[in-house]
Amino acid sequence: MGGIQTTLIPPVAPETIGHHDISAMLLMKLAFLHFLHSWDKTVENTNHGLPLDSTRDAIAGFGAEIGISDEPERRVRCDKMVFAHYMLGLTLNHTARDWEDEIRAAKECGIDGFALNTGSQDHWLDEQLTLAYQAAERAGGFVLFISFDFAFEWTVQQVVDLINRLKYSPAQCVVGGRPFVSTFEGPQWADNWPLVRQATGGIFLVPDWASLGPHGVAQKLDIIDGAFSWDAWPKGCNHKMGPDEDHLYLQALRIEKPGIFGTPNNKHKYMMGVSPYFYTNLPQWNKNWYCSSESLWYDRWQQILEVQPDFVEIITWNDYGESSYIYDPHRDDQVVPGADAYVQGHSHDAYRAILPHFIQAYKAGKTKAKPREHLEDVAIAWYRRTPASAGHHGETVWGQGGDALAAHGAKDVISVVAITKEENTVTVTLGDGQPREFQTARGSSYFEIPFDESTLGPVRLQLNGQVTEGPDIHCNCEDKVNFNAVVIQVPVRR
C-alpha cells in the first residue's frame, strides 16, 4: 500500500462549528488514519500483498464520511494517457523479472500502462495479476487495469471480486477516484454493470463495444463512462482507414444524456485504438485474414494527433497470434499453437522506436509529431519477407469478412517512417539494387519502396551514417505466403 493522503475538509462550513467541534473532528480523523495504517500493515501480506476487500471497503466508506481520502500517494492519475492492450492469457510461465522487463520497455517508449486482457478460464490468472501489480508498484509511474474479455463467460461475482481485489493497489489506474475498467466486447452483459458499480463502490467503465458501433454505444450512455473503439484496421478490401468512425464516437459520447452513474458534466471519455499490423492464420479458431497494414502504424498515429482522444490504447503489446504485437516473444509458450509459423523470425520490437515522439505530440495536443530533443533521429522499416504472389495464398482473405484474397490486396512494399529534427536523408537498399534516397521533413515522414520477384535480398536502412541490415526478401515459400511483417530500425536499439 502507498502512504495515506489526508484531506481535512469538514463536512460543514467552518463558521458553523466551534473550536471544540473542530478539535474533536481532527482527533477522530487522526485516530482513523492511525487505525487504517495499522490495519493495512497487518493484513496486506495475507492476500498476496493486496488488501482484504470487504473490510477495507467498509473502512474506506467510513473514512469518506468523515472527510478522509485513502488515495495512495504513488497512484498515477490517468489524464490523456496511452495504454497497451496486454494478453494476460499468454503469461503462463511469466516471472517477476519478465513483468519488470516489459514494464520498463513500455515506460521507455512513453506508454503509461497496460490494459490487461483477462479471461475467466485461466488458472494462472491470480498469480500473474499479483506479479504484474507488484512489478508496476515497484516501478512507479505505471498503471494497470483489467480489460474483461467477454469471449469468455463472466459472472457478476467474478467481476466484482477481481475489481475489489485490485482497486487499492497504487498501480491501479483510477479516473475521478474510481478504478478504470474496460472490456473486449460484452454488450450482452451491459445490464450487469450497475450491479458491479454498487458492489465495488464505483468504477470508471470504458468498454469496447465496437460490435454496436457509435450509434449503438450512444444508446447506453447511462451505463458507461466512455467508450473504447477496437476498430483500428482497414475494413475488408480497403488499403487504408480514416478517422471517420472515431469522429462518430466523439459525437455519440458528447450527447447530453445524463444517467444514474453519469460522469461529471456528462463528458463521456473516448479511448481510440491504434495498431501497427494485423495478420492471423489460426484454423482452430476459424481465423485467417490480413488487414492492409502498409502505412497503418503511421496513418493511425497521424489520426490520433488529429482527433486528440481522451485516451489511446495500442492494440497490442503481445498478441502474437494476430501479428499486432510490438514486444517480441521471449519464450515459445507465449505464442499460440500455429502462430509460431508466422511469428518466428519476425521481430516487431522496432515499432516502439517512434512511439516517444508521437506520444509526446499527442499529450501536448500537437497535430504533428516533433522529435524529442534528447533523442536521436530514428527511422523504422517494416516489410513482408516474400512477394504476395511467391507461394500459395493459404486461403487468407483481405480484411475480416473480406471477399477477396489477401494476395490481391497486400502491397509488396517496404514501409519506412522517419523522425528527424531537421530535413535529412534516409537511404534504403534492397539486395544488390541501387540505393534509394528519400528526403525527410522536420518531424515525421513516410515512404514506400516497392519490390517484386526481381528485387530480392537483405534490406538495408541508413540514417545519419548508421546502417541496419534486416532479413532478406525472398521467393522461397515452403508452404504458403506469410503475410506477417518484420520490423527494423536505425539506429539499433541499445
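Refer to the structure above for everything that follows.
Source: prediction; values computed, not measured.

For V428, the position within the fold is in strand β15 (residues 424-430). Classification of V428 as buried rests on a relative accessible area of 3%. Apart from residues no more than four positions distant in its own chain, V428 is found in contact with I414, V416, Q434, P435, R436, F438, I449, V459, R460 and L461.

As for its position among the elements, S389 is in the loop between β12 (378-383) and β13 (397-398). Take S389: its relative accessible area is 54%, and that puts it in the exposed class. Taking C-alpha positions, S389 is 7.7 Å from V481, a pair spaced 92 residues apart along the chain. A polar atom in the side chain of S389 sits 2.8 Å from the side chain of E453.

This part is about the pattern of salt bridges. Under the criterion given, the structure shown has 22 salt bridges. A salt bridge links D349 to R493, with the shortest nitrogen-to-oxygen separation between them at 3.0 Å. Pair noted here: D349 is in the loop between α10 (340-343) and α11 (355-363) and R493 is in the segment after β20 (486-490), with a separation of 144 residues, a long-range link. Assessed through its relative accessible area of 10%, D349 is described here as buried. On the accessibility criterion, R493 (52% relative accessible area) is exposed. Across the pair R460 and E469 runs a salt bridge, and its minimum N-O distance is 3.6 Å.

Strands sit in the order β17-β14-β12-β20 across an open sheet of four strands; the sheet is antiparallel. The open sheet terminates on both sides in strands that have one partner only, identified here as β17 (443-450) and β20. On average, adjacent strands in this sheet sit at an angle of 15 degrees to one another, irrespective of strand direction. With five bridges connecting them, β12 and β20 associate as antiparallel partners. Residue pairing in the sheet places Y383 in a bridge with V486 of β20.

Conventions used here
- Residues numbered from 1 in each chain as written.
- Predicted model: local features only at pLDDT ≥ 70, side-chain atom pairs only at ≥ 80, totals over all residues.
- Heavy atoms only, no water.
- Helix = DSSP H or I, 4+ residues; strand = E, 2+ residues; numbered from the N terminus.
- Buried < 20%, exposed > 50% of the residue type's maximum accessible area, 1.4 Å probe, protein only.
- Contact = heavy atoms within 4.5 Å.
- Polar contact = N/O pair within 3.5 Å; in protein donor to acceptor, adjacent residues only side chain to side chain.
- Salt bridge = Lys/Arg side-chain N within 4 Å of Asp/Glu carboxyl O.
- Pairing = 2+ DSSP bridges.
- Axes fitted to C-alpha atoms, helices over the stretch in contact; angles between N-to-C directions.

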